[in-house]
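Analysis of the macromolecular model
Each chain, written out:
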Amino acid sequence: MKLLVFAALLASCHIGSAADALKLVRLGNPVGGHIHPAACVSAKGTLVVTYGHVNHRDLRLTRSTDGGATWSEPKPFAPTVGKTYYPGSLTTLRDGRLLHAWNRWSEPTNEKEPRSVLYSLSSDDGLTWSEPKPFPRDEQTPSIIRHPIVELAANQWLLPLSDKTQVFDPTTGMSQPFGDGRAHGLVPLVHTPKGTFISGAGLRSTDAGKSWQPIANFPNLKEQGWRHEMVCLANGWLLASEILGPGVGGERIRYVLSRDDGLTWGEVFEYYNPSRAIGGRACPRTVELGGGQLGVVFYDVDTKQAGGPGLFFLKLPLEQLGRLATRREAQ
């Protein structure tokens, strides 16, 4: 396997309030447009990342089998070759398969609506993928996905789609509304170890989505929710992204933490601050690596940085995140 090795690349970013330099690993050199990565880690520990190399025309996939130190040469994702697309999401299912859901942006040779969501499965840690299948959609309404699905049970996938929030059965190809039937929009949804559902729309449910309560001081994921993320860790912590600063992409990226099942969000942990404009929307995606480590993938398209615009991987110790998290300023 031809590898791109950039493990020695240092970046001027900081952990929380500490001044410790972290090591960035460059996964690829996207040309531009909607780079928007997706990431997952398999049951065997393989990291799989997809991202847009060329706007709507070249969706690529790269893998790491050593915890993110080295990555395979990014290759075009076969089901999208010759077709337009918009990046989607990756999810590791309980049976070990990887689920890649992405957006068919148009017909093969033109830009017709409506947009739709396709998915494909891998049983070999992202080496090969099944023939794409569509999620159900309204023929007149565009449907988009950007966040991982939530596997409620075998053959029950909670789909956080832009136009509806559905529970999909891949064995029948049918779907039904989730909980009270509301559409949460293009925001992440997570299911905590206590059975609570947290919506990126700033809502919390303890009865399987039948009713929802607003969350005070919740990060603003709903505005441009397609670029932000929210993940639930095995220990029950919730992490939501915030990108701060002026311009399109801001200047620094941080997590906002909840350690009480999503009730309160009072701590922050800044993990990327190059002391300049990032230039894009970063679109961070975080995975839990095991061994007390997190991995986050994001992009920085500043042309003056070493190596030019890039897609990067950063490994973060969970213990350090918890220890160095600081109180969030008043909103």
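Please refer to the structure higher up on the page.
What you see as residue numbers is a count from 1 along each chain, following the sequence as written. For a predicted model such as this one, the threshold for reporting local features is a pLDDT of at least 70, and the threshold for listing and counting side-chain atom pairs is 80 or more; totals across whole chains, interfaces and linings nevertheless cover every residue. For the side-chain quantities, the full set of heavy atoms in the structure was used; hydrogens and water were omitted.

**Structural notes on the packing of aromatic side chains**
Note the threshold: Stacked, edge-to-face and tilted labels apply to pairs of Phe, Tyr and Trp rings (six-membered ring for Trp) whose centres lie within 6.5 Å, assigned for plane angles under 30 degrees, over 60, and everything in between, in that order. Strands here are runs of E lasting at least two residues and helices are runs of H or I lasting at least four, both read from the DSSP assignment and numbered beginning at the N terminus. Exposure categories follow from relative accessible area, calculated using a 1.4 Å probe and restricted to protein chains: below 20% of the type maximum is buried, above 50% is exposed, and the middle band is partly exposed. Should the NZ of a Lys or the CZ of an Arg lie within 6 Å of a ring centre and within 35 degrees of the ring normal, that charge is described as sitting over the ring.
Taken as a whole and judged by the stated rule, the model has 16 aromatic pairs. Between Tyr119 and Phe135, the ring centres sit 4.8 Å apart and the planes meet at 15°, which makes this aromatic pair stacked. With Tyr119 in strand β11 (residues 116-122) and Phe135 in the loop between β12 (133-134) and β13 (150-153), the pair connects residues that are 16 residues apart, well separated along the chain. For the pair shown, Tyr119 and Phe135 are each scored as buried. Members of the aromatic cluster, joined through ring pairs, are Tyr255, Tyr271, Tyr272, Phe298 and Phe312. Across from the ring centre of Trp105, 3.7 Å away, lies the NZ or CZ of Arg115, which sits over that ring. A cation over a ring is seen here: Arg259 above Trp237, with NZ or CZ 4.5 Å from the ring centre.

**Brief notes about the sheet that holds strand β17 (residues 189-191)**
Inclusion rule: Pairing between strands is defined by DSSP: at least two bridges between them are needed.
Taking strand neighbours across the sheet as the criterion, the 4 strands line up as β17-β18-β19-β20 in an open arrangement whose pairing is antiparallel. Of all strands in the sheet, those with a lone pairing partner are β17 and β20 (213-214), marking the two edges.

**Points about the side chain of Ser241**
We count it as follows: Residues adjacent in sequence count toward polar contacts only when both atoms are side-chain atoms; beyond that, a polar contact is any pair of N or O atoms within 3.5 Å, and within protein one must be able to donate a hydrogen and the other to accept it. Note on contacts: a residue pair is in contact if any heavy atoms of the two residues lie within 4.5 Å.
Along the chain, Ser241 falls in strand β22 (residues 238-244). Looking at Ser241, its side chain comes within polar contact range of the main-chain nitrogen of Glu229, at 2.9 Å. Leaving out residues up to four positions away in the same chain, Ser241 has contacts with Leu221, His228, Glu229, Arg254 and Pro284.

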